[in-house]
Amino acid sequence: MEKLLISACLAGDKVRYNGQSLPISGQLDALLRANFELVKCCPEVASGMPIPRASAEIVGGSAQLVLQAHARVEDNQGHNVTDDFVRGANMALQLCLSNNIRYALLAQGSPSCGSELVYDGTFSGVKKPGRGVTAELLIKHGITVFSPDSIQEYLNQQPHTSRD
Ligand code: SF4
């Protein structure tokens, strides 16, 4: 069965900055399990960041610029946590490469996992179009990254059989 990398918080693990999870619906969970073998990953925890931890946002540019060391990730205390985020992204990528994972379902809005929206770097609760650092790195290496909304649309268009 095809493997799917899934943000651990979407799979119910309490790994978010605030110590909470962000679980997908039972309906989507059942649909995913019928189609994929799920491989959980939290890039931030994998990189060694604690639970809970200060919230963080990409500051000074895009995730692509973060990976090029031209922008940074800061937490809400002003600490530069770029190295942690880049390390976590690389760990997620290695997990994909070593498991031949071609698809990922990542949580929306996160400075690691966001694939369509991220917070705008002002810590004012405003989102803007953009990607998190992990999503950016996976996409750069040819992995198809879905959000919970986009994978629901994708699966609704597919026959409900296991992918091989
Ligand atoms: S880094 Fe990704 S998997 Fe980890 S808590 Fe944030 S959104 Fe969830």
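Residues numbered from 1 in each chain as written. Predicted model: local features only at pLDDT ≥ 70, side-chain atom pairs only at ≥ 80, totals over all residues. Heavy atoms only, no water.

Caption draft 1: Region of interest: the sheet that holds strand 8 (residues 144-146). Spatial strand order, 2-1-5-8: 4 strands in an open sheet with parallel pairing. Both edges of this open sheet fall to strand 2 (37-41) and strand 8, since each of them pairs with a single strand only. Neighbour to neighbour, the strand axes of the sheet diverge by 25° on average, direction disregarded. Here strand 1 (residues 3-7) pairs with strand 5 (residues 103-105) via 3 bridges, running parallel. (Pairing = 2+ DSSP bridges. Helix = DSSP H or I, 4+ residues; strand = E, 2+ residues; numbered from the N terminus. Axes fitted to C-alpha atoms, helices over the stretch in contact; angles between N-to-C directions.)

Caption draft 2: How the structure looks around the packing of helix 4 (residues 82-98) against helix 5 (residues 133-140). Across the interface, helix 4 lies against helix 5 with an axial gap of 8 Å and an inter-helix angle of 40°. Compared by their axis directions, helix 4 and helix 5 come out oblique. Here helix 4 and helix 5 pass one another in a crossing that is right-handed. Only Val 133, Thr 134, Leu 137 and Leu 138 of helix 5 make contact with helix 4, whose side of the interface consists of Phe 85, Val 86, Gly 88, Ala 89, Asn 90, Ala 92, Leu 93 and Cys 96. (Parallel < 35°, antiparallel > 145°, perpendicular 65-115°, else oblique. Left-handed = near helix turned anticlockwise from the far one by under 90°. Contact = heavy atoms within 4.5 Å.)

Caption draft 3: Up close: unusual backbone geometry. Look at the link from Ile 51 to Pro 52: it is a cis peptide, with omega at -10°. Locating Pro 52 in the fold gives a position in the loop between helix 2 (43-46) and strand 3 (56-59). Backbone geometry at Ala 69 places phi at a positive 65°, although glycine is not the residue there. If you trace the backbone, Ala 69 turns up in the loop between helix 3 (63-67) and strand 4 (72-75). A positive phi angle, close to 55°, is found at Asn 100, a residue other than glycine. Summarising the element assignment, Asn 100 is placed in the loop between helix 4 and strand 5.

Caption draft 4: Main features of the nonpolar core. Core analysis: the biggest nonpolar cluster contains 45 residues, and Leu 5, Leu 32, Leu 138 and Ile 151 have the highest contact counts within it. Sequence-distant contacts of Ile 151, defined by excluding residues within four places in its chain, comprise Leu 4, Leu 28, Leu 32, Phe 36, Leu 105 and Phe 146. (Core = buried A, V, L, I, M, F, W, Y, C linked by side-chain atoms within 4.5 Å. Buried < 20%, exposed > 50% of the residue type's maximum accessible area, 1.4 Å probe, protein only.)

Caption draft 5: Representation of the side chain of Asn 35 within the structure. Mapping Asn 35 onto the fold places it in helix 1 (residues 26-35). Residue classification places Asn 35 among the buried residues on the basis of a relative accessible area of 1%. Looking at Asn 35, its side chain comes within polar contact range of the main-chain oxygen of Leu 31, at 2.8 Å. (Polar contact = N/O pair within 3.5 Å; in protein donor to acceptor, adjacent residues only side chain to side chain.)

Caption draft 6: Focus on the pairing of strand 2. Pairing of strand 1 with strand 2 involves 5 bridges; the strand directions are parallel. For Ser 7, the partnering residue across the bridge sits in strand 2 and is Cys 41. Regarding the hand of the β-α-β motif, the stretch spanning strand 1, helix 1 and strand 2 is right-handed. (Right-handed = clockwise from strand over helix to strand, strands pointing away.)

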